[in-house]
Amino acid sequence: MSWETTNREKSACGCDLGYVLRETRSDDWNRTEENATLHCIECQTNFVAYSYDVHRSGMTESIQRWVRKDDYEVFERTKREGDTIEQKARTQLTEYLRTQYLDRWMSIFEEVPRNKKAVWTKLKQINMINISYSNYCKRTSDLEEDIVSYVSTYYVQPLFKVLIISSEPMIESINALPNEARQRHNEARVAMMKRSFS
Ligand SMILES: [Zn+2]
């Protein structure tokens, strides 16, 4: 099997003193791969390669661009900050839900015998889970702990349906910070892409 260069293309770099060389290679099986190299000392100092995937009509294509190093640092930093803020908000929301709704939730299980079949049946019946009984058995060790675990960030929507809660302003306020952080990260990406080249 041999790879053959089928296309070679030069394009402008970020400062126009050098260029980007883009080579496409194909093998006997019609597989292709593209490789881009930056030929500019100035841009190599200031830019860093950044790749991301785009999905187009069922195909995943990897796109590579050069972005400013300082932009990339902001992009990565806002990502880390967002993750931390989101994690905190999740914990805070779960704590809030437990103080507000745990008693009401537990009362639903008052009459349910504490065996896996009975608890699984109840959970299924109120649409909290849709896993099979055998999978439920596999993942559940402590029944009491399992019942409590549904009062959490991850189950807010089905939980509120069961408890017939239509709105809860606290959730919006707890989610405000993560939403802002996500927004900052998105803006950092837009700014980074604006100053990038391919
Ligand atoms: Zn350059």
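Residues numbered from 1 in each chain as written. Predicted model: local features only at pLDDT ≥ 70, side-chain atom pairs only at ≥ 80, totals over all residues.

The name given to the protein in an unreviewed UniProt entry is Zinc finger protein, with Paenibacillus agricola as the source organism.

A.B. asks: Explain the overall build of the protein to me, and be specific about the residues and the numbers.
C.D. replies: Secondary structure assignment for the protein yields seven helices and five strands. Here the C-alpha atoms of the protein give a radius of gyration of 26 Å, more than 25% beyond the 16 Å that 2.2 N^0.38 yields for 198 residues. Projected onto its principal axes, the C-alpha positions of the protein cover 75 × 45 × 25 Å. Across the protein, the fraction of contacts at a sequence separation of at least 24, relative to all contacts at a separation of at least 6, is 53%. (Helix = DSSP H or I, 4+ residues; strand = E, 2+ residues; numbered from the N terminus. Rg over C-alpha atoms; globule rule 2.2 N^0.38 Å. Contact = placed C-beta atoms within 7 Å.)

A.B. asks: Now, about the sheet that holds strand β2 (residues 19–26): what can you tell me, with residues and values included?
C.D. replies: Reading across from one edge, β1-β2-β3 is the order of the three strands in this open sheet, with antiparallel pairing throughout. Each of the sheet's edge strands pairs with one partner strand only, and the pair in question is β1 (4–12) and β3 (32–39). The mean inter-strand angle of the sheet, taken between neighbouring strand axes irrespective of direction, is 20 degrees. With eight bridges joining them, β1 and β2 adopt antiparallel strand pairing. Each residue of the ladder has a partner; that of alanine 12, found in β2, is tyrosine 19. (Pairing = 2+ DSSP bridges. Axes fitted to C-alpha atoms, helices over the stretch in contact; angles between N-to-C directions.)

A.B. asks: Outline the domain arrangement of the protein, supporting the account with residue identities and numerical values.
C.D. replies: Looking at the protein, the domain boundaries give domain 1 (4–68) and domain 2 (73–186). Taking only C-alpha atoms into account, the centre of domain 1 sits 43 Å from that of domain 2. (Domains from an automatic or database assignment.)

A.B. asks: Kindly report on the pairing of β3, identifying the contributing residues and their values.
C.D. replies: If a strand is regular, its side chains alternate between the two faces of the sheet. For β3, the buried fraction is low: zero of the eight residues fall into the buried class. Hairpin connection of β2 to β3: five residues between the antiparallel strands, including asparagine 30 at a positive phi of 65 degrees. (Buried ≥ 20, exposed ≤ 12 C-beta atoms within 10 Å, placed from the backbone.)

A.B. asks: Go over unusual backbone geometry, please, and point to the residues and values.
C.D. replies: Phi angles above zero are rare outside glycine, and aspartate 16 is one such case at about 75 degrees. Note that aspartate 16 resides in the loop between β1 and β2. When the 11 C-beta atoms within 10 Å are taken as the criterion, aspartate 16 is described as exposed. Of note in this structure, asparagine 127 is not a glycine but carries a positive phi near 60 degrees.

A.B. asks: Account for helix α2 (residues 69–108), with residues named and values stated.
C.D. replies: Along an α-helix, residues three or four positions apart point the same way, because every turn accommodates 3.6 residues. Between the first and last C-alpha of α2 there are 55 Å, a value that for 40 residues agrees with the 58 Å anticipated at 1.5 Å per step. The axis of α2 is deflected most strongly, by about 60 degrees, at tyrosine 101. Taken together, the buried positions of α2 are Asp71, Phe75, Gly82, Leu93, Leu97 and Trp105. In this fold, the buried residues of α2 make contact with β5 (59–68) and α7 (169–194). (Expected span 1.5 Å × (residues − 1). Bend = angle between axes of the 7 residues up to and from the residue.)

A.B. asks: Which residues make up the environment of cysteine 40, and what are the values?
C.D. replies: For cysteine 40, the position within the fold is in the loop between β3 and α1 (41–46). The class for cysteine 40 is partly exposed, based on 19 C-beta atoms found within 10 Å. Not counting chain neighbours up to four residues away, the residues in contact with cysteine 40 comprise Cys13, Cys15, Leu17, Gly18 and Tyr19.

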